[in-house]
Structures are given as C-alpha cells and as structure tokens.
Amino acid sequence: GDPPTHYNKYFKEAGYVSAQGHGYCGREIIDLEPGHMENWNFEPFDHEINTIFCDPNFSVPGHPYAILNGPFSMKRRCLYGKDTHTYIFDYGRSFWEKYPNEPKFFRLAFQDAHEGTAEVVQYMDDKITSYLEFLEAKGRVTDTAIVLHSDHGVNMPGFYTFVDAEDFHIEKSLPTFFLILPQEMAQKHKKELKAKE
C-alpha cells in the first residue's frame, strides 16, 4: 500500500503551529539507519531543535548506538555544561511564549530512559515537574492535552538482561501511557476514554 503519513500533517492541516525536540541527530528515530525515511511520508515540523544533537561533542559521527556517548549513553548526557534534555525543555518554553494565542502541537521526545542502567533518566525528574509547572503558571493546563508515553518498557541491555530476570521479560513489553486532558475534553470523550482504559 501507500507509505504511512506522518501525524504532524494532520496537526498542520488543522491550523496548529508544530515543533519538536528530541535528543538525537535526525528528524525521527528511523533516521538513525538509512533506508527507512524514504518509505515514509514525513511531514516537516514548523520548528525543530534536533540539530544541536548532531554536535560531535555529543554524538560521534557514524556511531549512533554508542553506549558511552550520544543518545544511548549509559552516562549522564551533557552538552556544553547542561543536560541535553534541558535544551528541549527550554525550547518548549520558548515555543509556548512565541505563539501565545495560536493552537500548538509540540513533541518533546527523550532518549534518556533508552539505556540499560535506569540511571540516566532520573536526571529528568525535576525538569519534567518544572515544565508542567510552567504550563500551569501560563494557564495552559485548562486547554492542553498532555500525552506521556514510551515505545516499549525496559528493553535495553543491562543488569536485568544479564541475569535473565523474569521481570525484564514482563516489563519490556509494557510501554508507559498517561493521558492528561482538560476537564471539558475529558467529559466530552468520557465514554471513549473509559472504553480504551
């Protein structure tokens, strides 16, 4: 059949200004290996911050899956004295302030949990809280849908894979999904949301 269409196309057609930031060098995760992007109708975002993660001080060219640097590192991910996810959160704040009255779609994507030690992701906790507090202070939680999700559960090589723990096999197929909706929207779609729960 026809190549799949990128979801961003639907937001843009509906009049949303779109932006994204993610912690790797590429337009989408499938950019890391050649041959996939050509089979997809990718829709560019209006704004992106992704190119900062192409800096060779973060990602070594030709080695996107390195375990000691870059987007899959088992070490804390920093660039120029800041956690790499900080750039994405800062960009998100700037995006919200640049378009105060327009409908917006902003994708914040992080690779911080994409390693086997579960160490790196903990550095995001305060930043996530701070970002949600920023939205609340701007009065945007009443008209903003927030989706927190992962593409899979704990699935990266680490201690639990080496000891072949049963929990690893259970957790790797359990992605996270949280949907935070404004009350008006939640009430409007209550039946569908309950059915999909």
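Check the entry above for the structure.
Residues numbered from 1 in each chain as written. Predicted model: local features only at pLDDT ≥ 70, side-chain atom pairs only at ≥ 80, totals over all residues. Heavy atoms only, no water.

**A few points about the overall build of the protein chain**
At step 1: When its secondary structure is counted, the protein chain shows seven helices and seven strands.
At step 2: Ordering the α and β elements of the protein chain from the N terminus gives α-β-β-β-β-α-β-α-β-α-α-β-α-α.
At step 3: A globule of 197 residues ought to have a C-alpha radius of gyration of about 16 Å, and the protein chain, at 18 Å, matches this closely.
At step 4: If one aligns the C-alpha atoms of the protein chain with their principal axes, the spans along those axes are about 45 × 45 × 40 Å. (Helix = DSSP H or I, 4+ residues; strand = E, 2+ residues; numbered from the N terminus. Rg over C-alpha atoms; globule rule 2.2 N^0.38 Å.)

**Structural notes on the pattern of salt bridges**
A side chain of one charge can pair with a side chain of the opposite charge if their charged atoms are brought near each other.
At step 1: On inspection of all chains with the given rule, the structure shows 10 salt bridges.
At step 2: Between Lys82 and Asp90 there is a salt bridge, with the nearest N and O atoms lying 3.2 Å from each other.
At step 3: Among the residues examined, Lys82 registers a relative accessible area of 30% and is labelled partly exposed.
At step 4: Take Asp90: its relative accessible area is 34%, and that puts it in the partly exposed class.
At step 5: In this structure, a network of salt bridges that share partners links the residues Lys12, Glu43 and Asp46. (Salt bridge = Lys/Arg side-chain N within 4 Å of Asp/Glu carboxyl O. Buried < 20%, exposed > 50% of the residue type's maximum accessible area, 1.4 Å probe, protein only.)

**Regarding the packing of aromatic side chains**
At step 1: Throughout the structure, instances matching the rule amount to 13 aromatic pairs.
At step 2: Aromatic side chains Phe11 and Tyr16 sit 5.5 Å apart centroid to centroid with 80° between the ring planes, which places their arrangement in the edge-to-face category.
At step 3: Residue classification places Phe11 among the partly exposed residues on the basis of a relative accessible area of 28%.
At step 4: One cation-aromatic arrangement involves Arg76 over Tyr123; the distance from NZ or CZ to the ring centre is 3.8 Å.
At step 5: Positioned above the aromatic ring of Phe134 is the side chain of Arg93, whose terminal nitrogen or guanidinium carbon lies 5.5 Å from the ring centre. (Phe/Tyr/Trp six-rings, centres within 6.5 Å; stacked < 30°, edge-to-face > 60°. Lys NZ or Arg CZ within 6 Å of the ring centre and 35° of its normal.)

**Some remarks on the state of the cysteines**
At step 1: Here the structure, examined in full by the defined rule, presents one disulfide.
At step 2: Paired through a disulfide, Cys25 and Cys54 show a sulfur-sulfur distance of 1.9 Å. Judged by the torsion about the S-S bond (95°), the Cys25/Cys54 disulfide is right-handed. Within this pair, whereas Cys25 is found in the loop between strand E1 (17-22) and strand E2 (47-48), its partner Cys54 is found in the loop between E2 and strand E3 (78-79), the two being separated by 29 residues in sequence.
At step 3: This cysteine, Cys78, is not joined by any disulfide, and Cys54 carries the nearest cysteine sulfur, 18 Å off.
At step 4: Its relative accessible area of 39% is what places Cys78 among the partly exposed residues. (Disulfide = S-S within 2.5 Å.)

**Here we look at the nonpolar core**
At step 1: Among the nonpolar cores identified, the biggest contains 12 residues, and these are Val17, Ala19, Phe89, Phe95, Trp96, Tyr99, Phe106, Met124, Tyr131, Phe134, Leu135 and Ile146.
At step 2: Put simply, the parts of the chain that give this core at least two residues each are E1, helix H2 (84-98) and helix H3 (125-137).
At step 3: Aside from chain neighbours lying at most four places away, what touches Ala19 is Phe45, His47, Phe95, Phe105, Phe106 and Arg107.
At step 4: Phe53, Phe58, Leu79 and Ile88 belong to the second largest nonpolar core, which has six residues in total. (Core = buried A, V, L, I, M, F, W, Y, C linked by side-chain atoms within 4.5 Å. Contact = heavy atoms within 4.5 Å.)

**Examining the pairing of E1**
At step 1: For E1, the buried fraction is high: six of the six residues fall into the buried class.
At step 2: Burial of the side chains of E1 extends over both faces: Val17, Ala19 and Gly21 are buried on one face and Ser18, Gln20 and His22 on the other.
At step 3: Pairing of E1 with strand E5 (residues 104-109) involves six bridges; the strand directions are parallel. The partner of His22 across the bridge, within E5, is Ala109. (Pairing = 2+ DSSP bridges.)

**Some remarks on H3**
At step 1: The first and last C-alpha atoms of H3 sit 18 Å apart over 13 residues, in line with the 18 Å expected at 1.5 Å per residue.
At step 2: Every buried residue of H3 is accounted for by Tyr131, Phe134 and Leu135. Viewed end-on, H3 has its buried residues packed into an arc of 95°, placing them on one side of the element. In H3, the exposed positions that point more than 90 degrees away from the buried face belong to Asp126, Glu136 and Ala137.
At step 3: Its buried side turned inward, H3 meets H2, E5 and strand E6 (146-149).
At step 4: One or two positions beyond H3, positive phi appears at Gly139, with a value near 75°. (Expected span 1.5 Å × (residues − 1). Arc of directions from axis to C-beta.)

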